[in-house]
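Fold and contact review
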Amino acid sequence: MTHSSTLYRASILHFSQTTHNFGDHGDQGDYFADGALIVQNARIVAVGHFSELAPDYATSVLVDYRNRLIIPGLIDSHLHYPQTEMIAKYGEQLLTWLENFTFPTEQKFESYTYCELMAKHFVTQLINNGTTTAFAYSSVHKHAADALFIEASKHNMAMISGKVCMDRHCPDALKDTPASAQRDSEDLINKWHGKGRNLYALTPRFAPTSSHEQLSLLGELAQQYPDVFIQTHLSENQSEIDWVKSLFPKQKSYLDVYDHYNMVRPRALFGHCLHLEQQDWQRLAEAKATAVFCPTSNLFLGSGLFNLKEAQANDVSIALATDVGGGTSFNMLRTYGEAYKIGQLQNNPLSALEGLYLMTQGPALAYSMADEIGNLNPGTFADFVVLDPHFNQLAELRMANFESGEDILFALSFIGDERAVEATYIAGKQCKV
């Protein structure tokens, strides 16, 4: 074997299967207590037991992470990069949160220098918490998306983002128009989609802030560029839902508004989905769209509890997300911990393995990206996280008799934070020391 490959020795946990939903396969992920991960030229070459792989890679550079756990790089499927600085602002529910905190903050992004600064802070927070792929809302300003893609590209990071589109029910300083939203979005698609590891997402903030004309033109782009993502919000808050009904009286439901404008399809991500009707769950499944579960935000803004059981029963693709800054942490493991609590309240707790699936292999499959991210299979980008289960005294005590990789994950989801992330690798390069 060539000298240019690197062998990482550690405990390793990931999902190699290509099934649609967690639970569709018999085993519970691939766990190697003494594992080996072989990386060459930014991609994974092999993964398995150290005793089996080490002889074939005897000339590889050895990086010894024994007593550590390697998992795939985490995928955050919904968060707002302009809201990085306003995380943990006190109180409010969704609509007043937007008015009092979000819109004033996003007006600062009129300055490109400010966009650059916040993009750097944002990407740093992702990397420090082990997130290697993010679906990030930008602001209404076209150049804000440029700043984020440029910063992510410095790390060869998979970034999916888009200019927020909204032409009504927001401050005049944040309004675009139907025509400018379509033009700017298409310009950004041509500039960034598929360039390096960047991908574009058409991003109407949510139905109330886009006119019929704007939604219609964005829907045209969605049809014209079927491999581009769509990201927006759906049924987060009861007052929001009532508002949508008043604005779109001809549509059967909130989801039907987006459906009317050809935005319910594969690679469409709908944040929250807390108060859906049965027909909406069925439509999401039929369209192969994704419901994005944002537990810390749902609790912080008092929006409601995600109905995981209903989503699973209807075979809807589900992804976990932080939803910073309504969400209260960039840490995806802590986000799973809150999802577990929400499941407990509904007598349907998420296992740690299922939580890992919903932030790695599950969304990667739903987005048709499992050949590049979400697992440690040969051929995928070498995006992975090294977790230190003994990062402080309490963790050392808790892990004295840990039972499995799943047990490590579960414990770190409650007592861990970014200090438990010893290293984050993106495309084979260590980004956190």
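Things to note about the overall build of the protein chain
Helix and strand content of the protein chain: 16 helices and 16 strands. At 21 Å, the protein chain has a C-alpha radius of gyration in line with the 22 Å of a compact globule built from 433 residues. Counting only C-alpha atoms and orienting by the principal axes, one finds that the protein chain spans roughly 65 × 45 × 40 Å. Restricting to contacts in the protein chain with at least 6 residues of sequence separation, those with at least 24 account for 76%. Looking at charge distribution, the protein chain has the averaged site of its 31 positive side-chain charges lying 4 Å from that of its 49 negative ones.

Details of the sheet that holds strand E1 (residues 6–14)
Taken in spatial order, the seven strands line up as E3-E2-E1-E4-E14-E15-E16 in an open sheet, and their pairing is mixed. Where the open sheet ends on each side, the last strands, each with one partner, are strand E3 (43–49) and strand E16 (429–430). Pairing of strand E15 (residues 421–426) with E16, which is carried by two bridges, proceeds in the antiparallel orientation. The residue bridging Ile-426 from the neighbouring strand is Lys-429, located in E16.

Some details on the nonpolar core
Where a protein is soluble and globular, its nonpolar side chains tend to be buried together. Counting 113 residues, the largest nonpolar core has Tyr-81, Phe-122, Met-159, Phe-270, Leu-284 and Phe-306 as its most contacted members. With eight residues, the single largest contributor to this core is helix H3 (residues 112–128). With residues near it in sequence (within four places) discarded, Leu-284 still touches Leu-255, Phe-270, Cys-273, Leu-276, Ala-289, Ala-291 and Val-316. Of all hydrophobic cores here, the second largest spans 17 residues; its members include Phe-135, Phe-229, Ala-366 and Tyr-367.

Description of H3
When the terminal C-alpha atoms of H3 are compared, their 24 Å separation across 17 residues agrees well with the 24 Å that a helix rising 1.5 Å per residue should span. Burial in H3 covers these residues: Tyr-114, Cys-115, Met-118, Ala-119, Phe-122, Val-123, Leu-126, Ile-127 and Asn-128. On its buried side, H3 packs onto strand E5 (74–80), strand E6 (131–137), helix H4 (142–153), strand E7 (158–162) and E15. The first or second residue beyond H3 is Gly-130, which carries a positive phi of 85°.

Overview of a nonpolar patch on the surface
On the surface, Leu-299, Leu-305 and Leu-345 cluster together into a nonpolar patch covering about 260 Å² of accessible area. Turning to its location among the elements, Leu-345 is positioned in helix H12 (residues 332–345).

Comments concerning the packing of aromatic side chains
Per the stated rule, a full pass over the model turns up 24 aromatic pairs. With 5.5 Å between their ring centres and 90° between their planes, Phe-109 and Tyr-114 make a pair best called edge-to-face. For Phe-109, a relative accessible area of 0% gives the class buried. Geometrically, the ring pair formed by Tyr-254 and Tyr-258 is stacked, given 5.8 Å between the ring centres and 25° between the ring planes. Of this pair, Tyr-254 and Tyr-258 both sit in helix H8 (residues 254–260), four residues apart, which is roughly one turn of the helix. Tyr-258 carries the same exposure label as Tyr-254, and that label is buried. One aromatic cluster in this structure is built from Tyr-81, Phe-109, Tyr-114, Phe-122 and Phe-330. The ring of Phe-381 carries Arg-43 above its face, with NZ or CZ at 3.8 Å from the centroid.

Quick notes on the packing of H12 against helix H16 (residues 405–415)
Where H12 contacts H16, the two axes come as close as 7 Å, and the packing angle between them is 95°. By the angle class used here, H12 and H16 are roughly perpendicular. Contacts between H12 and H16 involve Leu-333, Arg-334, Tyr-336, Gly-337, Tyr-340 and Lys-341 on the former and, on the latter, Leu-409, Phe-410, Leu-412, Ser-413 and Phe-414. When the residues that make up the contact of H12 with H16 are grouped by side-chain class, the tally is seven nonpolar, two polar and two charged.

Points about the side chain of Asn-375
Inspection of the secondary structure puts Asn-375 in the loop between helix H14 (361–366) and strand E14 (384–387). Of note is the side chain of Asn-375, whose polar atom sits 2.9 Å from the backbone oxygen of Ala-370. A distance of 2.9 Å separates a polar side-chain atom of Asn-375 from the backbone nitrogen of Asn-377. Apart from residues lying up to four places away in sequence, Asn-375 is in contact with His-14, Phe-15, Ile-44, Pro-72, Gln-361, Ala-370 and Thr-380.

Some thoughts on the environment of Lys-288
Topologically, Lys-288 is positioned in the loop between helix H9 (278–287) and strand E12 (290–293). Lys-288 gets classed as exposed once you look at its relative accessible area, which sits at 56%. With 120 residues separating them in the primary sequence, Lys-288 and Arg-168 have C-alpha atoms 30 Å apart. Setting aside anything within four residues of it in sequence, one finds Lys-288 in contact with Arg-265, Pro-266 and Arg-267.

Conventions used here
- Residues numbered from 1 in each chain as written.
- Predicted model: local features only at pLDDT ≥ 70, side-chain atom pairs only at ≥ 80, totals over all residues.
- Heavy atoms only, no water.
- Helix = DSSP H or I, 4+ residues; strand = E, 2+ residues; numbered from the N terminus.
- Rg over C-alpha atoms; globule rule 2.2 N^0.38 Å.
- Contact = heavy atoms within 4.5 Å.
- Lys, Arg positive; Asp, Glu negative; His and termini not counted.
- Charge placed at Lys NZ, Arg CZ, Asp CG, Glu CD.
- Pairing = 2+ DSSP bridges.
- Core = buried A, V, L, I, M, F, W, Y, C linked by side-chain atoms within 4.5 Å.
- Buried < 20%, exposed > 50% of the residue type's maximum accessible area, 1.4 Å probe, protein only.
- Expected span 1.5 Å × (residues − 1).
- Patch = residues over 30% accessible without salt bridge, like charges linked within 9 Å, V, L, I, M, F, W, Y side chains within 5 Å.
- Areas by Shrake-Rupley, 256 points an atom, 1.4 Å probe, with all protein chains shown as cover.
- Salt bridge = Lys/Arg side-chain N within 4 Å of Asp/Glu carboxyl O.
- Phe/Tyr/Trp six-rings, centres within 6.5 Å; stacked < 30°, edge-to-face > 60°.
- Lys NZ or Arg CZ within 6 Å of the ring centre and 35° of its normal.
- Axes fitted to C-alpha atoms, helices over the stretch in contact; angles between N-to-C directions.
- Parallel < 35°, antiparallel > 145°, perpendicular 65-115°, else oblique.
- Nonpolar A, V, L, I, M, F, W, Y, C, P; charged D, E, K, R; others polar.
- Polar contact = N/O pair within 3.5 Å; in protein donor to acceptor, adjacent residues only side chain to side chain.

All quantities given are derived from atomic positions and should not be read as evidence of function.
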